[in-house]
Amino acid sequence: MSRSHPDTGQQPPAEVSYPRLSARTLRFTLGAPRTFSLAPDGSRVVFLRAPSGTDRGTELLSYDVADRTERRIADPTALLSADAENLSPAERARRERTREAAGGIVGYACDAEHRVAAFALSSRLFLADLASGKVRELPAEGPVVDPRPDPTGRRVAYAANRGLRLVDLDGDHDRALVPAEPSDTVAWGVAEFIAAEEMNRTRGFWWAPDGSALLVERYDEAPVPVWHIANPARPDQAPNPVRYPAAGTQNAEVTLWLVDLDGARQEVAWDRAAFPYLADVSWTSYGGPLLHVLTRDQRTAHVLAVDLASGATSLVREATDPAWIDLIPGTPAWLPDGRLVTTVDDGDTRRLAYDGIPVTPEGLQVGAVLDIGEDGVLVSATSEPMEQHVAWVGLDGRVTTLTTDPGVHTGRTAGGLTLVASQGLDHDGVLVRVLRGDEEVGGKKNGGEEVGRIGSRQERPPFAPAVTLLALGPRQLRTAVLFPRDHVPGSARLPLLLDPYGGPHALRVRSARAAFLASQWLADQGFCVVVADGRGTPGRGPAWERLVLNDFASTLDDQVEVVSEVAKRYPSDVDPGRVAIRGWSYGGYLSALAVIARPDVFHAGVAGAPVTEWRLYDTCYTERYLGHPDEQPEVYDRNGLLDAAASLRRPLLLIHGLADDNVVAAHTLRLSSALLAAGRPHTVLPLTGVTHMTPQEVVAENLLLLELAFLRDALANVGQTAGPVAV
């Protein structure tokens, strides 16, 4: 397959470089409407949006469906007056786990009827009346994390200082619902590191549908090894101790408790020794609480129903897989008629299932359950991994795809409304449509009549990527190819620059402009830039995803194949004798692996925050794919980079944030040490005070410029010995 999209954009202003503009706009995401919530009566849509494409102060807004107008509910600048935003360590950690780089109001929660919304701002607690638009600060003890109104809108619970607190709105009385324990390793009401980082669960408490009680997580990190993250630029400061569950070590002990409004609590019982991972909790008006728990090897999952009288649990469904169980957002959950919503891997299709019976067709890969309504389920699904569509699945199993244009679409539904947010290659930014209806057409429901659009304030990028999407080679590797926008075919053979992520369960090749802005800028500097999704990536079926089992290093084979296929397709336009690769996180691992293992193909690499020794990465992610290091040490040795370091013959730039608590800087430092011991030249760029994200404007801009300079120099000297080690 091949799709080409020409450049129709404008040149960037001379006074602002693309790297600076990209950093200033958080890669052109600021100003996009996001985090939508629909009122059950269909009257309003609540959402977040920054006031402009360069302002990080995210606001809370409401869209009135009847008169098609939006209203700003809460402005962080006005609420804080002249005060600077002050984030607690717990909130900073939560934002790091969710990769949240914006500021202001970055999250909120509503009551069931969407009459009020609670949010934290600068670690303080605020409540907004969504009808009147009035906002008031509520009394709160300690820095506020994740405030949530009860479904009836009478009180707000929030986590603070390792405990869970409650504010009664009638009297504004703040009290400890679950007091903090004396131990600094125990916390209530927040998700532990593994849940937030690797299981996509950022919540630590859940309200009963009638507001009479809560399910609350308690975790104890005492078993988790203590690591220390220091700031070498400030030797006067003590290192920061963090509990990091590295592969093969112990995790936090996680329990769940039923807590009533008087503070009385009862533990929810399940076989935690066999199923230590609490993947998710669901408690809706359609049925009692559901737990989703996993064995440590993640090959068996149980869906458990909770008995509210005793705290006992009973098995609703068991799932097993010889490789691992995938966690699908929005599942498990109850349907209104009492059936269970899950997915099942049927043949090579991930299908939506009701009570274990597949209801979506073969070939349609279901990626997430977006919402459950009175008469069906809204899902994201695709038959082409470069696209993501929204589909409605009725209670009778009939499926209607609500989006057809190539692109990346997501949605929400409630109260007869369906909201669809779309990105594509034919337009900038995010387009958000609000639909009402769902009348029957030909026996199936359609998306309804458009009753409004929610505007975006995103900065328009200074150019549109000229990207060609392809499926290359015997494995049909989804690939994006970008040449300089002024390149004349056949006029010059350009160096190749691969720009992948390349790891499991993540996609880079998407039918959306935003995915290729940085790649296009790099191409405009004189490269043919190639982005390819190899084995392990989602949307192509369970078999494709499981090709990485015990074998991360094989993902390099797909990048090698793409180099060969692009060279064959564009023989007059690319030079396979000058090939570089860059990447961050798993992409950093892949880049370092490429220049170490395949110097015959890759002539230079930039590895940002790379995992170099998988024993240093966390339990849940690493053991899912590589098993336990004590049981399979040879798998860890084979997939790591340290033992192979002496094979480096190409220029390699290693970049790492010294404050990174996800992929700690020890990864880069150990690889550098192994390279130095082997006498292999390389370059290390340490980033003081930078975490796994690089949201700082100057840092993000200059990183891109430094990478470019390194790659140009390295490819200009292909065949020559790299320069001296620089640390």
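Residues numbered from 1 in each chain as written. Predicted model: local features only at pLDDT ≥ 70, side-chain atom pairs only at ≥ 80, totals over all residues. Heavy atoms only, no water.

Engineer: Got a minute to help me understand the overall build of the protein in this structure?
Structural biologist: Within the protein one finds 12 helices and 47 strands. For a compact globule of 727 residues, the expected C-alpha radius of gyration is about 27 Å, and the protein comes in at 25 Å, within 12% of that figure. Once the C-alpha set of the protein is aligned to its principal axes, its extents read approximately 75 × 60 × 55 Å. In the protein, buried positions account for 57% of the 727 residues. Pairs at least 24 apart in sequence give 60% of the contacts found in the protein among residues at least 6 apart. Just so you have it, the protein exposes about 27,500 Å², and 50% of that area is on carbon and sulfur atoms. Positive and negative side-chain charges of the protein, numbering 71 and 94 respectively, have mean locations separated by a distance of 4 Å. (Helix = DSSP H or I, 4+ residues; strand = E, 2+ residues; numbered from the N terminus. Rg over C-alpha atoms; globule rule 2.2 N^0.38 Å. Buried < 20%, exposed > 50% of the residue type's maximum accessible area, 1.4 Å probe, protein only. Contact = heavy atoms within 4.5 Å. Areas by Shrake-Rupley, 256 points an atom, 1.4 Å probe, with all protein chains shown as cover. Lys, Arg positive; Asp, Glu negative; His and termini not counted. Charge placed at Lys NZ, Arg CZ, Asp CG, Glu CD.)

Engineer: I keep staring at the side chain of Asp 499 and nothing clicks. Help me out?
Structural biologist: Locating Asp 499 in the fold gives a position in the loop between strand S42 (494-498) and helix H5 (517-524). At 2.9 Å, the side chain of Asp 499 forms a polar contact with the side chain of Arg 582. Beyond its immediate sequence surroundings of up to four residues, Asp 499 is in contact with Arg 508, Ser 519, Leu 522, Val 529, Val 530, Val 531 and Arg 582. (Polar contact = N/O pair within 3.5 Å; in protein donor to acceptor, adjacent residues only side chain to side chain.)

Engineer: How should helix H7 (residues 555-569) be read in this particular structure?
Structural biologist: Each turn of an α-helix holds 3.6 residues, which means side chains three or four residues apart point in the same direction. Taking 1.5 Å as the rise per residue, H7 with 15 residues should run 21 Å; its terminal C-alpha atoms sit 22 Å apart, in good agreement. When you tally the buried positions in H7, you get 11 out of 15 residues, the bulk of the element. For H7, the set of buried residues is Thr 555, Leu 556, Asp 558, Gln 559, Val 560, Glu 561, Val 562, Val 563, Glu 565, Val 566 and Ala 567. Of the surrounding secondary structure, the elements contacted by the buried residues of H7 are strand S40 (467-472), strand S41 (477-482), S42, strand S43 (528-533), strand S44 (574-584) and helix H8 (586-597). (Expected span 1.5 Å × (residues − 1).)

Engineer: Could you clarify how one ought to interpret the pairing of strand S27 (residues 340-346) in this entry?
Structural biologist: Note on strand geometry: in a regular strand, side chains alternate between the two faces of the sheet. The element S27 is extensively covered by neighbouring structure, given that 5 of its 7 residues are classed as buried. Here strand S26 (residues 333-334) pairs with S27 via 2 bridges, running antiparallel. Its bridge partner being in S27, Trp 334 is matched across the sheet by Leu 340. Counting the residues that bridge the hairpin from S26 to S27 gives 5 residues, and of these Gly 338 lies at a positive phi of roughly 95°. Here 6 bridges tie S27 to strand S28 (residues 349-354), and the two strands are oriented antiparallel to one another. Counted as the bridge partner of Thr 342 is Ala 353 from S28. Two successive antiparallel strands, S27 and S28, enclose a turn made up of 2 residues, where Gly 347 displays a positive phi of approximately 65°. (Pairing = 2+ DSSP bridges.)

Engineer: How should I be thinking about the sheet that holds strand S29 (residues 357-358) in this particular structure?
Structural biologist: Within a beta sheet, neighbouring strands are joined by backbone hydrogen bonds and run either parallel or antiparallel to one another. Within the open sheet, the 4 strands sit side by side as S26-S27-S28-S29. Their pairing is antiparallel. The sheet is open, and its two borders are formed by S26 and S29, each paired with just one other strand.

Engineer: Please clarify how the packing of aromatic side chains should be interpreted in this entry.
Structural biologist: Geometrically, a pair of aromatic rings is defined through the distance of the ring centres and the angle of the planes. Scanning all chains against the criterion turns up 22 aromatic pairs. A centroid spacing of 5.0 Å and a plane angle of 70° characterise the contact between Tyr 621 and Tyr 625, whose relative ring orientation is edge-to-face. Of this pair, Tyr 621 and Tyr 625 are both found in helix H9 (residues 619-626), 4 residues apart, which corresponds to roughly one turn of the helix. Since its relative accessible area comes to 1%, Tyr 625 is described here as buried. Between Arg 540 and the ring centre of Trp 544, over which it is positioned, the NZ or CZ distance is 3.8 Å. Between the NZ or CZ atom of Arg 546 and the centre of the ring of Trp 324, over which it lies, the distance is 4.9 Å. (Phe/Tyr/Trp six-rings, centres within 6.5 Å; stacked < 30°, edge-to-face > 60°. Lys NZ or Arg CZ within 6 Å of the ring centre and 35° of its normal.)

Engineer: What exactly am I supposed to notice about unusual backbone geometry here?
Structural biologist: Leaving glycine out, the prevailing phi sign among residues is negative, and the prevailing peptide bond configuration is trans. Here the bond from Thr 331 into Pro 332 is cis, since omega is -5°, no more than 30 degrees from zero. Despite not being glycine, Ser 123 has its phi angle at roughly 65°, a positive value. Of note, Ser 123 is situated in the loop between strand S8 (116-121) and strand S9 (124-129). Of note in the backbone geometry, Gln 476 takes a positive phi value of approximately 50° without being a glycine. Since its relative accessible area comes to 34%, Gln 476 is described here as partly exposed.

Engineer: Sorry if this is basic, but what is going on with the pairing of strand S4 (residues 57-64) here?
Structural biologist: Counted residue by residue, S4 has 7 buried out of 8 residues, so it is predominantly covered. With 6 bridges connecting them, strand S3 (residues 44-49) and S4 associate as antiparallel partners. Counterpart to Arg 49 in the pairing with S4 is Glu 59. Summarising the sheet, S4 and strand S6 (residues 103-104) pair through 2 bridges and their orientation is parallel. For Thr 58, the partnering residue across the bridge sits in S6 and is Gly 104. Bridging between S4 and strand S5 (residues 69-74) involves 5 bridges; their strand directions are antiparallel. By the bridge assignment, Asp 64 is partnered in S5 with Thr 69. Two successive antiparallel strands, S4 and S5, enclose a turn made up of 4 residues, where Arg 68 displays a positive phi of approximately 55°.

Engineer: What exactly am I supposed to notice about the packing of H7 against H8 here?
Structural biologist: Geometry of a packed helix pair, given as the angle between the helix axes and the separation of the axes. With their axes 10 Å apart at the nearest point, H7 and H8 run at an angle of 70° to one another. By the angle between their axes, H7 is roughly perpendicular relative to H8. Between H7 and H8 lies a crossing of right-handed hand. Contact residues: Thr 555, Leu 556 and Gln 559 in H7; Tyr 586, Leu 590, Leu 593, Ala 594 and Ala 597 in H8. When the residues that make up the contact of H7 with H8 are grouped by side-chain class, the tally is 6 nonpolar, 2 polar and no charged. (Axes fitted to C-alpha atoms, helices over the stretch in contact; angles between N-to-C directions. Parallel < 35°, antiparallel > 145°, perpendicular 65-115°, else oblique. Left-handed = near helix turned anticlockwise from the far one by under 90°. Nonpolar A, V, L, I, M, F, W, Y, C, P; charged D, E, K, R; others polar.)

Engineer: Could you clarify how one ought to interpret the pattern of salt bridges in this entry?
Structural biologist: Between side chains of opposite charge, a pair can form as their charged atoms come close. Per the stated rule, a full pass over the model turns up 53 salt bridges. One salt bridge connects Arg 148 with Asp 146, and the closest N-O pair in it is separated by 3.2 Å. You'll find Arg 148 and Asp 146 in the same group, each marked buried. One salt bridge in this structure joins Arg 615 and Asp 637, with 2.9 Å as the shortest N-O distance. Taken together, the residues Arg 615 in the loop between strand S45 (604-608) and H9 and Asp 637 in helix H10 (residues 633-639) connect sequence positions 22 residues apart. The class for Arg 615 is partly exposed, based on a relative accessible area of 27%. Taking relative accessible area as the criterion, Asp 637 reaches 37% and is therefore assigned partly exposed. One connected set of salt bridges, linked through shared partners, spans Asp 321, Asp 326, Asp 345, Arg 350, Glu 545 and Arg 546. (Salt bridge = Lys/Arg side-chain N within 4 Å of Asp/Glu carboxyl O.)

Engineer: Sorry if this is basic, but what is going on with H9 here?
Structural biologist: With respect to burial, H9 is a largely interior element, 8 of its 8 residues being buried. Among all positions in H9, only Thr 619, Cys 620, Tyr 621, Thr 622, Glu 623, Arg 624, Tyr 625 and Leu 626 are buried. A positive phi of about 75° marks Gly 627, the residue just after H9.

Engineer: Please clarify how the sheet that holds S8 should be interpreted in this entry.
Structural biologist: Read from one edge of the open sheet, 4 strands run S7-S8-S9-S10, paired in antiparallel fashion. A strand with exactly one partner marks an edge of an open sheet, and here the two such strands are strand S7 (109-110) and strand S10 (135-138). Judged from the 2 bridges that link them, S7 and S8 form a sheet pairing that is antiparallel. Bridged to Ala 109 within S8 is Ala 118.

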